[in-house]
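# Survey of secondary and tertiary structure
Each chain is listed here by its residues.
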Amino acid sequence: MAKEKVLVITAHPDDVDFSCNGTMALWNKDKEIYYVVCTSGDKGNHLGKTKKEIIKIREEEQKEAADIIGVKNVIFLREPDGELDNTKKFREKIVRLIREIKPDILFAFDPSNNKFDQIYKYHPDHRAVGLAVYDSIYPAIGNRNFFPHHILSEGLEPHEVKEIYFYGTDYPNIWIDITKVIDLKIKALKCHESQIGNRKNFEGFIKERHSNIGKEKKMKYAECFRRLEMPK
Ligand SMILES: [Zn+2]
């Protein structure tokens, strides 16, 4: 039987490693995993570097991190950092990718978050990607009348996913025990040196964060998601 496919759609290099790389490390033996990174973080604060150089650094960091987790498929869309919008043009790119890769399971930012109680989680790119993925799943990906040229001239077919795991969520309903892979998670995160290079006690911060997530379920370290099953 063909392996199930998992597609993780993120806004920036490092999003996947902060939010769900532990789950990917656990799943990568049985499932085929793809990362799509919509921007290459080109507005990152790198003194004296050009945009092109920043893109190169951040993509390399993400590829290295994916390698540690055992994920071979990393796709960069190179949309402008900080400027993502849930437009028809952007949704078409998401819909095309889903029709090409045909994932069973999708991972995306939770578009239902509305607490605005912390800064990083609510980056406008995170909100835009979450909404664009949600709006692509329904009604577009499975309906041949949306972006019909995918079907008529690009040889793609409509596709439906089975389930969605929203990460960075305020409303989790599933916890994955990542205790076995916490060191791998941290090792992959450390690849994003341009982002976390000078953070003090980074390892302690990550361990505390995932220990807090797991506490309620009596897991030493966990990642949590809001899982939504698509109606059959
Ligand atoms: Zn981000």
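Described in the following lines is the structure provided in the data block. In this text the structure is predicted, and so the values were computed from the model without any measurement.

### A few points about the sheet that holds strand 1 (residues 4-10)
- Across the sheet, which stays open at both edges, the 7 strands sit in the order 3-2-1-4-5-7-6 with mixed pairing between neighbours. Strands with a single pairing partner mark the edges of an open sheet, and in this sheet they are strand 3 (73-79) and strand 6 (174-177). Averaged over all pairs of adjacent strands, the angle between their axes in this sheet comes to 25°, without regard to strand direction.
- The strands touched by helix 3 (residues 51-69) are strand 2 (31-39) and strand 3; relative to strand 3, the strand with the most contacts, the crossing angle is about 160°.

### Considering unusual backbone geometry
- Note the cis peptide between Tyr138 and Pro139, where omega equals 10°.
- As for its placement among the helices and strands, Pro139 is situated in helix 5 (residues 124-141).
- With a phi angle near 45°, Phe116 is a residue other than glycine that sits in the positive phi range.

### Points about the packing of helix 4 (residues 88-101) against helix 5
- Closest axis-to-axis distance for the helix 4/helix 5 pair is 9 Å, and the angle between their directions is 65°. The orientation of helix 4 relative to helix 5 falls into the category roughly perpendicular. Both helix 4 and helix 5 take part in a crossing whose hand is right-handed. Contact with helix 4, carried on its side by Phe90, Arg91, Ile94, Val95, Ile98 and Arg99, involves Ala132, Val133, Asp135, Ser136, Ala140 and Ile141 of helix 5 and no other residues of that element.

### Overview of helix 7 (residues 182-189)
- For helix 7, the full list of buried residues reads Ile182, Lys185, Ile186, Ala188 and Leu189. When helix 7 is viewed along its axis, its buried side chains cluster within an angular range of 160° and face the same direction.
- Buried residues along helix 7 sit against helix 1 (15-19), helix 2 (21-27), helix 3, helix 8 (193-196) and helix 9 (202-215).

### Some points on the pairing of strand 5 (residues 163-167)
- In terms of burial, strand 5 is a largely internal element, 4 of the 5 residues being buried.
- Both strand 4 (residues 105-109) and strand 5 contribute to a ladder of 5 bridges, which runs parallel. What sits directly across from Ala108, in strand 5, is Phe166.
- Where strand 5 lies against strand 7 (residues 222-229), 4 bridges are found, and the strand directions are antiparallel. Residue pairing across strands places Phe166 opposite Arg226, the latter belonging to strand 7.

The rules behind the values
- Residues numbered from 1 in each chain as written.
- Predicted model: local features only at pLDDT ≥ 70, side-chain atom pairs only at ≥ 80, totals over all residues.
- Pairing = 2+ DSSP bridges.
- Helix = DSSP H or I, 4+ residues; strand = E, 2+ residues; numbered from the N terminus.
- Axes fitted to C-alpha atoms, helices over the stretch in contact; angles between N-to-C directions.
- Contact = placed C-beta atoms within 7 Å.
- Parallel < 35°, antiparallel > 145°, perpendicular 65-115°, else oblique.
- Left-handed = near helix turned anticlockwise from the far one by under 90°.
- Buried ≥ 20, exposed ≤ 12 C-beta atoms within 10 Å, placed from the backbone.
- Arc of directions from axis to C-beta.

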